[in-house]
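Tertiary structure, described
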Amino acid sequence: MAMVLLDQIRSIFDGDPGVRKVADDPVLSAELLMLFRMILADGSVSESEMVAFRRICKEAFGIPESSIDSVIEYLNDFGYETNGSQAIALFRDLDIERRKLLASHMAEIAKADAKLAESEVKLLRRTLDLLDISPLDLAKPES
C-alpha cells in the first residue's frame, strides 16, 4: 500500500512512468505510432483493435495497464510530429528480429477485428517493403 502511494506521488512530480518510457525511447514511440496508424487504416477504431493494442503495450513493452491511456494521449499530442516514413526510418537499421516484431504487431492489430480491409493490407505491405521483410517471414513458425 505504501509503495503504491509512493508511486502515485512520484507520478505527480515525475509524470506517468509509461509515458516517460515511451517518450524516452524514439523506437518504441515510432512503433506505437505505426500500430496506431494500423488501427486507423480502415477508417474506424474497433474495440478488438484497442484490446490488441493494449495487450501489446503491456506484454511486449512492459507498459503498465494504468499508463496506457496516458500513453495514448501522449501519442495523440505528439504523434502528429512524426509521419509514417519517419517512424519506419528508425527501424531500418535495427536487427531483423526487431523489424519482424513491428510487422507482426501490425498484422496482429489488422486482424484483431476479423476484417482485413484493403487499406490495412496496403499499409502492412508498404511497411514490409520499407523494412525489407518478406510476408513469408511473418508466416514462418519461430524456431
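Summarised in this report is the structure supplied together with it. The model shown is predicted, which means the values in this text are computed figures rather than measured ones. (Residues numbered from 1 in each chain as written. Predicted model: local features only at pLDDT ≥ 70, side-chain atom pairs only at ≥ 80, totals over all residues. Heavy atoms only, no water.)

A few words now on the packing of helix 3 (residues 26-40) against helix 7 (residues 96-111). In the contact formed by helix 3 and helix 7, the axes pass within 9 Å of each other and the chain directions differ by 30 degrees. By the angle class used here, helix 3 and helix 7 are roughly parallel. As helix 3 packs across helix 7, the resulting crossing turns out to be right-handed. Residues V27, E31, M34, L35, M38 and I39 of helix 3 pack against R98, L101, L102, H105, M106, I109 and A110 of helix 7. Looking at the contact of helix 3 with helix 7 residue by residue, the classes come out as 10 nonpolar, 1 polar and 2 charged. (Axes fitted to C-alpha atoms, helices over the stretch in contact; angles between N-to-C directions. Helix = DSSP H or I, 4+ residues; strand = E, 2+ residues; numbered from the N terminus. Parallel < 35°, antiparallel > 145°, perpendicular 65-115°, else oblique. Left-handed = near helix turned anticlockwise from the far one by under 90°. Contact = heavy atoms within 4.5 Å. Nonpolar A, V, L, I, M, F, W, Y, C, P; charged D, E, K, R; others polar.)

So, on to helix 4 (residues 47-61). For helix 4, built from 15 residues, the straight-helix expectation of 21 Å at 1.5 Å per residue is met to within 8% by its first-to-last C-alpha distance of 20 Å. Those residues of helix 4 that sit buried are E49, M50, A52, F53, I56, C57 and F61. Along helix 4, the residues classed as buried sweep out an arc of 160 degrees about the axis, all on the same side. Pointing more than 90 degrees away from the buried face of helix 4 are the exposed residues E47 and E59. Buried residues along helix 4 sit in contact with helix 2 (17-23), helix 3, helix 5 (68-78), helix 7 and helix 8 (118-131). Trailing helix 4 by a residue or two, G62 shows a phi angle of about 65 degrees, which is positive. (Expected span 1.5 Å × (residues − 1). Buried < 20%, exposed > 50% of the residue type's maximum accessible area, 1.4 Å probe, protein only. Arc of directions from axis to C-beta.)

For the rest of this paragraph, the subject is the pattern of salt bridges. Inspection of the entire model under this criterion finds 6 salt bridges. Two residues, R54 and D69, come together in a salt bridge whose shortest N-O distance is 2.4 Å. You can see R54 sitting in helix 4 and its partner D69 sitting in helix 5, a full 15 residues away along the chain. Here R54 falls in the partly exposed class, since its relative accessible area comes to 23%. Two residues, R55 and E108, come together in a salt bridge whose shortest N-O distance is 1.6 Å. Note that R55 is positioned in helix 4 and E108 in helix 7, a separation of 53 residues in sequence. For E108, a relative accessible area of 24% gives the class partly exposed. In this structure, a network of salt bridges that share partners links the residues R54, E65 and D69. (Salt bridge = Lys/Arg side-chain N within 4 Å of Asp/Glu carboxyl O.)

No statement about biological role is implied by the geometric values presented.
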